Structures are given as C-alpha cells and as structure tokens.
Amino acid sequence: MIEPRSAVPPAQPPPRPGAEGSRGVLTDERGFGPDAPAREAGRAAGPELLPLPLPVRPGVGRLLVLFAVFVCAACGLVYELELVALASYLLGDSVTQASLVLSVMVFAMGIGSLLAKRLCSRAAAAFGVIEAALALVGGCSALALYGAFAWSGRFPGAWASGPSGLLIGFTFVIGVLIGGEVPLLMVLIQRIRRQEAGGAVADLFAADYVGALVGGLAFPFLLLPFLGQLTGALLTGAVNACAGAALVLGLFHRDLSRRARWTLLVLNAFVLGLLAMAATHVGDFERAARRAVFGDDVRVAVHSDVQDIVLTGRAGQPLTLYLGDGPRVSSADERVYHQGLVRPALAGPHERVLVLGGGDGLAVREVLRVPGVRAVDVVEVDRELLRLARRDPRLAGLNRHALDDPRVHAVSADAFTWLRVNRRRFDAVVADLPDPRQTAATKLYSQEFYGLMKRALAPGGRSVVHVGPPGHDARDYWRAERTLRAAGLRTAPYTAKKGRAEWGFLLAASGERPRLAVPSRPRGGFGARELRAGARRVAATRVRGLEPSTLVSPRYGW
C-alpha cells in the first residue's frame, strides 16, 4: 500500500537553495551570516579596503598603531594645557582662558572628525600630513602667542587684542587637526586586521586616554619646570612629528606611492628642522620679547614655580618689580603705599605681626620701623621672590635687608593653607596680596579666608587688606569690605595717594570698629592727616547692596 506524501506545513516553507553556507553555517535571506553587523558597520563607515602587507606581524602592527595613538594623545593634551597656561599668564583670568580654550578645542575636534571622513581612502598619507601640520602649529604656538603679547602692546586699537585672537585661532586649528586623528587611525588599524568596530574603537580610545594622562602629568611636572613653556612646546612638536612619520613611513609605506613617501619625508624633515632651529634661538627670542615688554633696562628675569619675576631699572633709574605680567612695585612711589598699608594696622598692639604676601620685604621694612615689634612672620607663596629680596643688591637695599633681621621668620607657603593649620595669635595681620581679579588670588579675598584671618588675631588685634584703587573699580573694593563684614570683622576704609596713583585699604578688627590712627613713631611720610583725607575720599565711592565673595561663589570682577 502506497502511503500518501505528507504536506509541508504552511508555517515552514521548504528550504531554498543557498540557505545553507558553503561550510554549513546558516545565513539569512540576504546571504549574511553571524558577522553581518560588523560587516554592515564597516560598509557604513566607508569604502572597504583590503588588508595591507606589513613589514611586521599583524599583532605587532596593531601595537605600533596603538603606541602612536598614545604618543599623539599625549602631545595633543600638552598643546591644550600649554595654551591654557600661557593664556592665563599673559591675559589673566585663568577660568575664562581655560573655558575658552577647552570649548573651542572640543568644537574644533568635532569639525576635524567630520572633515576626516573625506580622507579615509588615503588614510596613511592624510595621517602623515596631519601629524606634520600639528607638530608645526602646536610646537610653535607658544612662541607665536608670546611674541604677539610682547609686540602687539605697542600698537593701539585692534592690534592690542592680537594675543586673544591668536589664541582662538591656534586653539581652533589644533583642535581640527587633533579631531582628524582618530577616524584615520581607525581605518589604518582595520587595514592591519579586520576587527569588530566596537573592539577597535575601545582599543583606540584606551590608548588615547592613557596617552592623555601621561601628557597631562608630563606638562606640569616635567616640561614646565625643566624646559619652560617655549622649549617644552617645541620638544612636544618634535615628538609628535617623529611619531607620525615613523608610523606612516615605517609601517604603512606600501600604501603610499613613491612620490607620496618622498613628500612626507621632506615635509617632516622641514618641520623638525624648523622646530630645532627655533629651539636653539629660544633664549634670544625671550630676551627680545622681554625688552619689548619691559624696555631695555631689565636687570633680573626669573621664572619661578609661581610666576615670572622681572626687575627693571639700571643704576640711577627707579627700580620696578614685575610679578606675572604687571608691575607690582616701583621705587618711585612704593614708600607711600607700604606706609599706608602698615602704619594704621600697627596703631594698636603690635608685638607679634603676621605679613601675608609681601615677599619683596618692603612691607616688613615698614613693620620693623615701628618701635615695639618683637616678632614678624612672613608667609609668601613664591620662594624665588623671597630669595631675590634677600640677594639682589638693589631690592635688598630698598627693603633695608628686612628679611635678614633676626626678628623676621619667612616661610614659603600658600597663605590660605598656612592659616588653616596655624594656631598662633598675632597682634596685627598685614595682607599684602595680589589683585582679587586674578583667579589664583580670589580665594585670598573670600569670606572663608577672612574668617581664618580673624581667627589668627589676638584680642584687640587689627588687620589690614590691600584691595586696589577704589576709583578704578569701586565694586571690587566695596565687595571686599562687605566680605570682611560677613566674616565678622568691623571695617574702616581708607586710601593712600601719591600723584595720580591711589591705593585702597581696609582696616579691620573684631569687636569694635577700629579707629583710624597711625603710630606716634616713626615720624614723616604717611601720617594722620593723609589717613583722614584718604578716608574722606573713599567714602564718596561707596557701593551698597553687594553680596560677599566666597570660595564657591567668587564675585570679584562682576
């Protein structure tokens, strides 16, 4: 008996030819196998390129690419930090400069990544050109910015803002070049051996982030202290050029035509030669730029861990001390300033005196001139300034060798940190500190800092703070006064003036409002008459309704 043939269920159509791969692997109806997502990602990323024959094994080739990623990432972060640091030194307001550099660079990196898509078919040659250009632009950026700052200040109008425009330009160009690196490296690493897109991206980003860590640590701890801004940037550019050229010409040279190889070789040799020549003339460049900024009478120029210190004034000329990029002290009028700062604070008890800042020794000179002072502690953040105030003949002569007096004990420390651990009490505290608009100094004009200063005062003690000329920006002056009051201190505002120069001070004490007075000795100079006149002048500039400045809400410059 012949049995009837079974019908195929409707839900299971008969298999079609080709539904099984040549090796027994099932594929879908388009002929794709289990690796379909990876192949789809590769096709979406661009044209499929065949693997390249390499002079080394594929595993070694991948490691060399990842090492190049590591080096290029380290160099890229050094360029970024160098721009931030130099802009902060030259233009001030480090928060604004850091925000500007970071935001523009990240935006430019996105543009660079988009532009790199058009170069993926020539990834090796494009990467070599990009690294050479990045080495040249990044390596020379510090020289160009410093030169623009030094020489553009001589010209009025739009030329005066040259450093700011150049900073944005360099940041944008470097960001575009850095942004083009990863897409091209992604193509190159896939030319060695095909890999799932997610794994390749993870490997590249891991090498990139580790390189960024090394670059971020190398800049403040190696390049900046041992080589300086200019030489450090030039050396970074040379390393960048060597890494890019070695990868392309050594590993991917078979992907280049003979003409392309010679072009890249000549281009990198030119870049390295230019960077080397610039490095040999850095000293001459710095001296020329310094003369453009400070004139021809520079006596001493030192770069400390904190700032640039420059002394100008030959024999028979006024001595001027520059800290950072601005003048801090001039022998032509410093006596009025320092007497106005010190004498009202020492009109009360003054056996033990604390000077915060004042590393030039000039405030200490005025403290020691008041009879009855038994001990003076000086807390100055810049060790090099203390050394210069002791050893430079003219500066030490101007401060009358005050820092060598046996009653004086000077330490190099941050004033805020020192006050936090201090448990001693002082009869008078003199704060001779930088301008509050400088970001690094803002915390020294905060409510928290004034609270620590109040804690350091003995009963009946007085403190004085220099804030800046109230006529220039009365809001900053009166904000400091409001901040002192918020810390529990009573204030007595006054100014000192000589010619067109005027300085604003705030006398403060806990308990009763301090009486404006000066010690009976020494006589001459800034006295009671000048003090009363200064109090009348500053009273006319009062600004009300201001909020105090704190560590988390700094308000100076608003």
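That block above? That's the structure.
Given the structure is predicted, the values throughout are model-derived calculations rather than measurements. By convention here, each chain's residues receive numbers from 1 onward along its written sequence. Per-residue local features are limited, in this predicted model, to residues with pLDDT of at least 70; the limit for side-chain atom pairs, both in listing and counting, is 80 or more; totals at the level of whole chains, interfaces and linings are taken over all residues. Neither water nor hydrogens contribute to the side-chain values; these are computed over all heavy atoms in the structure.

1. A word on the overall build of the protein
And step 1. Counting from the N terminus, the helices are the DSSP runs of H or I reaching at least four residues and the strands are the DSSP runs of E reaching at least two. Counting its regular elements, the protein contains 18 helices and 11 strands.
And step 2. Counting across all 558 residues of the protein, residues that qualify as buried make up 48%.
And step 3. By sequence separation, contacts in the protein at least 24 residues apart represent 71% of the contacts at least 6 residues apart.
And step 4. Note on areas: these come from Shrake-Rupley sampling with a 1.4 Å probe, and a residue is covered only by the protein chains present in the view. Carbon and sulfur atoms provide 59% of the accessible area of the protein, an area that totals close to 27,600 Å². Three exposure classes are used, based on accessible area relative to the maximum for each residue type with a 1.4 Å probe and protein chains only: buried under 20%, partly exposed in between, and exposed over 50%. Contacts were defined at the residue level, with two residues in contact if any of their heavy atoms lie within 4.5 Å.

2. With respect to the pattern of salt bridges
And step 1. We define a salt bridge as a side-chain nitrogen of Lys or Arg found within 4 Å of a carboxyl oxygen belonging to Asp or Glu. The tally for this structure, following the rule as stated, stands at 20 salt bridges.
And step 2. With its nearest N and O atoms 3.3 Å apart, the salt bridge here joins lysine 443 to aspartate 414. Placement of the pair is lysine 443 in the loop between β8 (426–432) and α16 (447–455) and aspartate 414 in the loop between β7 (408–412) and α15 (415–421), with a sequence separation of 29 residues.
And step 3. You can call lysine 443 partly exposed: its relative accessible area is 30%.
And step 4. Glutamate 481 is the salt-bridge partner of arginine 485, the closest N and O atoms lying 2.9 Å from each other. Placement of both arginine 485 and glutamate 481 in helix α17 (residues 474–486) is noted, with a separation of 4 residues, approximately one turn of the helix.
And step 5. Residues participating in the shared-partner salt-bridge network are Glu334, Arg335, Arg365, Glu366 and Arg369.

3. A few points about the nonpolar core
And step 1. To qualify as a nonpolar core, a set must consist of buried Ala, Val, Leu, Ile, Met, Phe, Trp, Tyr and Cys residues joined through side-chain atoms within 4.5 Å. Counting residues in hydrophobic clusters, the biggest one holds 67 residues, and the most contacted among them are Val65, Leu83, Phe127, Ile174, Leu185, Leu247 and Phe252.
And step 2. Of the residues forming this core, the biggest block, 16 residues, is contributed by helix α4 (residues 123–152).
And step 3. The residues contacting isoleucine 174, other than those within four sequence positions of it, are Tyr79, Leu83, Met105, Leu134, Val137, Gly138 and Ser141.
And step 4. Counting residues in hydrophobic clusters, the runner-up holds 46 residues, among them Leu323, Val342, Val355 and Val370.

4. Side note on the packing of helix α2 (residues 58–91) against α4
And step 1. Contact geometry of α2 with α4 gives a least axis separation of 10 Å together with a crossing angle of 15°. Relative to α4, the element α2 is oriented roughly parallel. Where α2 crosses over α4, the handedness of that crossing is left-handed. Here Cys72, Tyr79, Glu82, Leu83, Leu86 and Leu90 of α2 come into contact with α4, specifically with Phe127, Glu131, Leu134, Ala135, Gly138, Gly139, Ser141, Ala142, Leu145, Tyr146 and Phe149. To define axes, lines are fitted to C-alpha atoms, for helices over the stretch in contact only, and angles between the resulting N-to-C directions are given on a 0 to 180 degree scale. Here is the rule for angles: anything less than 35 degrees is roughly parallel, anything more than 145 is roughly antiparallel, 65 through 115 is roughly perpendicular, and the remaining ranges are oblique. Definitions for this section: a left-handed crossing has its near helix turned counterclockwise from the far helix by less than a right angle. A right-handed crossing has that turn clockwise.

5. Quick look at the packing of α2 against helix α6 (residues 181–192)
And step 1. Contact pair α2 / α6: the axes reach a minimum separation of 9 Å and the direction vectors enclose 170°. One element, α2, and the other, α6, form an angle in the roughly antiparallel class. Contacts between α2 and α6 involve Pro58, Gly61, Arg62, Val65, Leu66, Val69 and Cys72 from the first element and Glu181, Leu185, Ile189 and Ile192 from the second.
And step 2. Throughout, the ten residues Ala, Val, Leu, Ile, Met, Phe, Trp, Tyr, Cys and Pro are labelled nonpolar, Asp, Glu, Lys and Arg are labelled charged, and all others, Gly among them, are labelled polar. Residues that form the contact of α2 with α6 fall into these classes: 8 nonpolar, 1 polar and 2 charged.

6. Observations regarding the packing of aromatic side chains
And step 1. Note on aromatic contacts: the rings of Phe and Tyr and the six-membered ring of Trp form a pair at centre separations within 6.5 Å, being stacked when their planes are under 30 degrees apart, edge-to-face when over 60 apart, and tilted otherwise. Scanning all chains against the criterion turns up 13 aromatic pairs.
And step 2. Among the aromatic residues, those joined into a cluster by ring pairs are Tyr337, Tyr494, Trp503 and Phe505.

7. Notes on a nonpolar patch on the surface
And step 1. Here a patch means residues that are over 30% exposed by relative accessible area and free of salt bridges, tied together within 9 Å if like-charged and within 5 Å if nonpolar (Val, Leu, Ile, Met, Phe, Trp, Tyr). A surface patch of nonpolar side chains, amounting to about 810 Å² of accessible area, comprises Leu213, Leu217, Phe221, Leu222, Phe226, Leu227, Leu235 and Val239.
And step 2. Of all the secondary structure elements, the ones that give two or more residues to the nonpolar patch are α7 (197–226) and α8 (228–251).

8. A word on the sheet that holds strand β2 (residues 308–312)
And step 1. Sheet architecture is open: 4 strands sit in the order β1-β2-β3-β4, paired in antiparallel fashion. Here the strands that pair on one side only, and so sit at the sheet edges, are β1 (298–303) and β4 (326–330). Between one strand axis and the next, the sheet turns by 20° as a mean value, whatever way the strands run.
And step 2. By definition, two strands form a pair when at least two bridges between them are found by DSSP. When β2 meets strand β3 (residues 320–323), the two strands line up antiparallel, connected through 4 bridges. Bridging from a neighbouring strand, valine 310 pairs with tyrosine 322 of β3.
And step 3. Helix-sheet contacts for helix α10 (residues 282–294) involve β1, β2 and β3, and the interaxial angle to β1 is about 115°.

9. Considering the sheet that holds β7
And step 1. Read from one edge of the open sheet, 7 strands run β7-β6-β5-β8-β9-β11-β10, paired in mixed fashion. Only two strands of the sheet have a single partner each, and these edge strands are β7 and β10 (490–498). Across this sheet, the average inter-strand angle for adjacent strands is 15°, counted without regard to direction.
And step 2. As defined by bridge partners, strand β5 (residues 352–357) adjoins β8 across 5 bridges and the pair is classed as parallel.

10. Description of α17
And step 1. One less than the residue count of a helix, multiplied by 1.5 Å, gives the span that helix is expected to have. Taking 1.5 Å of rise per residue, the 13 residues of α17 would be expected to cover 18 Å, and the 18 Å separating its terminal C-alpha atoms lies within 8% of that figure.
And step 2. Along α17, the positions that sit buried rather than exposed are Ala474, Asp476, Tyr477, Trp478, Arg479, Ala480, Glu481, Thr483 and Leu484.
And step 3. Looking at the residues trailing α17, positive phi occurs at glycine 488, about 95°.

11. Re the state of the cysteines
And step 1. In this description, a disulfide is simply a cysteine sulfur pair whose atoms lie within 2.5 Å. Throughout the structure, instances matching the rule amount to 0 disulfides.
And step 2. Between cysteine 72, a free cysteine, and cysteine 75, which holds the nearest cysteine sulfur, the sulfur-to-sulfur gap is 6.4 Å.
And step 3. Since its relative accessible area comes to 2%, cysteine 72 is described here as buried.

12. Describing the pairing of β8
And step 1. A large share of β8 lies buried, amounting to 7 of its 7 residues.
And step 2. Across 5 bridges, β8 lies against strand β9 (residues 457–466) in parallel orientation. By the bridge assignment, alanine 428 is partnered in β9 with arginine 462.

13. Quick look at the side chain of threonine 320
And step 1. Looking at the secondary structure, you find threonine 320 in strand β3.
And step 2. Note on threonine 320: relative accessible area 14%, which makes it buried.

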